[in-house]
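Observations on the three-dimensional arrangement
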Amino acid sequence: MTDRYAVIGNPIGHSKSPRIHAAFAVQTGQDLHYDALLAPLDDFAGTWQQFLRDGGRGANVTVPFKEVAWSLCQQLSERARRAGAVNTLMPLSDGRVFGDNTDGAGLVADIVVNAGWTLNGARVLLLGAGGAARGVIQPLLDAGVTEIRVVNRTPERAEALADLFADTARVTGMGQADWLAGPAHAPADVVINATSASLSGAALTLPAGSWHAQTAVYDMMYGRDTPFLAWARDAGLCHRRDGLGMLVEQAAEAFLLWRGVRPDTAPVLAQLRAELSA
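Presented here is a report on the structure given in the accompanying data block. Note that the structure is predicted; figures quoted are calculated from it, not measured. (Residues numbered from 1 in each chain as written. Predicted model: local features only at pLDDT ≥ 70, side-chain atom pairs only at ≥ 80, totals over all residues. Heavy atoms only, no water.)

Quantified by volume, the largest pocket comes out at close to 1100 Å³. Together, 45 residues line the largest pocket, and Val-63, Ala-194, Thr-195, Ser-196 and Met-221 are the ones closest to its centre. Of all elements in the fold, only β3 (56–61), α3 (66–71), α6 (131–134), β8 (147–152), α9 (176–181), α10 (197–200) and α12 (244–259) reach the threshold of two or more residues within the lining of the largest pocket. Here the residues of the lining of the largest pocket sort into 21 nonpolar, 19 polar and 5 charged. (1 Å grid on protein atoms, 1.4 Å probe; cavity = no way out; pocket = protein on both sides within 12 Å on 5 of 7 lines; lining within 4 Å. Points joined across faces, edges and corners; volume = space filled by probe spheres on them. Helix = DSSP H or I, 4+ residues; strand = E, 2+ residues; numbered from the N terminus. Nonpolar A, V, L, I, M, F, W, Y, C, P; charged D, E, K, R; others polar.)

Once that is clear, we can look at the pairing of β3. For β3, the buried fraction is high: 5 of the 6 residues fall into the buried class. Two strands pair when backbone bridges link them, and strand β1 (residues 3–9) and β3 are joined in this way by 5 bridges, in the parallel orientation. From the neighbouring strand, Arg-4 faces β3, where its bridge partner is Gly-56. (Buried < 20%, exposed > 50% of the residue type's maximum accessible area, 1.4 Å probe, protein only. Pairing = 2+ DSSP bridges.)

Moving on: the environment of Thr-146. Its location among the elements puts Thr-146 in the loop between α7 (137–142) and β8. Of the residues examined, Thr-146 reaches a relative accessible area of 39% and is grouped as partly exposed. When the C-alpha atoms of Thr-146 and Arg-233 are compared, they prove to be 26 Å apart, with 87 residues separating the residues in sequence.

Quick look at the packing of α12 against helix α13 (residues 265–277) now. Any two packed helices are characterised by the angle at which their axes cross and by the distance between the axes. Their axes nearest at 10 Å, the elements α12 and α13 cross at an angle of 150°. Classified by chirality, the crossing of α13 by α12 is right-handed. Across from Leu-244, Gly-245, Val-248, Glu-249 and Ala-252 in α12, the residues of α13 making contact are Thr-265, Val-268, Leu-269, Leu-272, Arg-273 and Leu-276. Split into classes, the residues belonging to the contact of α12 with α13 amount to 7 nonpolar, 2 polar and 2 charged. (Axes fitted to C-alpha atoms, helices over the stretch in contact; angles between N-to-C directions. Left-handed = near helix turned anticlockwise from the far one by under 90°. Contact = heavy atoms within 4.5 Å.)

So, on to the environment of Asp-225. Position of Asp-225 relative to the elements: it lies in the loop between β11 (211–219) and α11 (227–234). Sequence-wise, Asp-225 and His-212 are 13 residues apart; in three dimensions their C-alpha atoms are separated by 21 Å. Once you skip the residues sitting within four places of it in the chain, Asp-225 turns out to touch Ala-230 and Arg-233. A distance of 3.4 Å separates a polar side-chain atom of Asp-225 from the backbone nitrogen of Ala-230. (Polar contact = N/O pair within 3.5 Å; in protein donor to acceptor, adjacent residues only side chain to side chain.)

Moving on to the nonpolar core. Counting 30 residues, the largest nonpolar core has Leu-107, Leu-126, Ile-137, Leu-140, Ile-148, Val-150 and Ile-192 as its most contacted members. Only α5 (103–114), β7 (123–127), α6, α7, β8, α8 (155–163), β10 (188–193) and β11 provide two or more residues apiece to this core. If sequence neighbours within four positions are ignored, Ile-137 has contacts with Leu-126, Ile-148, Val-150, Leu-161, Phe-165 and Val-171. With 23 residues, the next largest nonpolar core counts Tyr-5, Ile-12, Met-90 and Phe-255 among its residues. (Core = buried A, V, L, I, M, F, W, Y, C linked by side-chain atoms within 4.5 Å.)

Let us now look at the sheet that holds strand β9 (residues 171–175). In space, the 6 strands of this open sheet follow the order β9-β8-β7-β10-β11-β12, with parallel pairing throughout. Each having just a single partner strand, β9 and β12 (239–241) make up the two edges of the open sheet. Taking each pair of neighbouring strands and ignoring which way they run, the sheet shows an average axis angle of 20°. Here β8 runs beside β9; their pairing, made up of 5 bridges, is parallel.

What follows deals with the side chain of Asp-100. Mapped onto the fold, Asp-100 is located in strand β6 (residues 97–100). Taking the relative accessible area as the measure of exposure, Asp-100 reaches 5% and is therefore buried. Excluding anything up to four places from it in sequence, Asp-100 contacts Ser-77, Arg-79, Ala-80, Val-86, Asn-87, Thr-88 and Leu-257.

This paragraph deals with the sheet that holds β1. The mixed open sheet is built from 6 strands, whose spatial order is β2-β1-β3-β5-β6-β4. Both outer strands of the open sheet, β2 (32–38) and β4 (75–76), are each paired with one neighbouring strand and no more. Two strands pair when backbone bridges link them, and β3 and strand β5 (residues 88–91) are joined in this way by 2 bridges, in the antiparallel orientation. Within the sheet, the bridge partner assigned to Ala-59 lies in β5 and is Leu-89. Along the sheet, helix α2 (residues 44–53) contacts β1, β2, β3, β5 and β6; its crossing angle with β3, the most-contacted strand, is approximately 150°. Here α12 sits on the sheet and contacts β1, β2, β3, β5 and β6; the angle it forms with β5, its principal contact strand, is near 10°.

Under the definition given, this model contains 8 aromatic pairs. Ring geometry for Phe-228 versus Trp-231: centroids 6.0 Å apart, planes at 5°, classification stacked. In this pair, Phe-228 and Trp-231 are both assigned in helix α11, 3 residues apart and thus about one turn of the helix distant. Each of the two residues, Phe-228 as well as Trp-231, counts as buried. An aromatic cluster is built from Tyr-5, Tyr-34 and Trp-258, whose rings are joined through pairwise contacts. (Phe/Tyr/Trp six-rings, centres within 6.5 Å; stacked < 30°, edge-to-face > 60°.)

Below, the structure written as structure tokens:
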């Protein structure tokens, strides 16, 4: 019997996860089917429960449900527990739900392995304090970054997220208004956009003093040229990358959890990148 998996989000029509997991399944000889499910903004739990009743074996979770998904889990990986957000769900044989967060591992793999950027010793500016941002802080710290500055429209949310990692003394949080008022920190070596601005097509720029000529800019959203990456290009920043590689790498982590085999991400990423560039 073919096993069922899915990605759940809102919006979800843009998702390439079904394509990615279908390619992984063919590559590894796994018998599975992977869907994209649109959940009502106020009822992620209902969509997940119905998926389980229909025989679902696991699901990825995308915006804006990663923190809600965390609350539905009875067992968590350490990286998910630390993040307070989940992007991978798996029902266990005893009826409990296991939650993991593969976002950070996917991001670090794409930055270090695929892009060839250096994280060890880097100063990171992380835009956004939602579920996407939560999942990447610990893996970035593990990769050797010296500091992470979290900037969010609501300062309390950025500060609360930084407090989760207070024991490291390397994560700080601040509001967008204070950040835009002027640089209070050294320029970032790597800037990561974890907001949903690019998904909605909203413009996002960095104030002078928050970056330098060699700053690397990463947008977790993907596409030919997100508004944020377009700004970076116009600003003369040469190191720019969208989140397609992160998407493929985090999917491979989830696939490994579900199926016990790790797919080769390189050919899948190359094919998707070629299609986007066509």
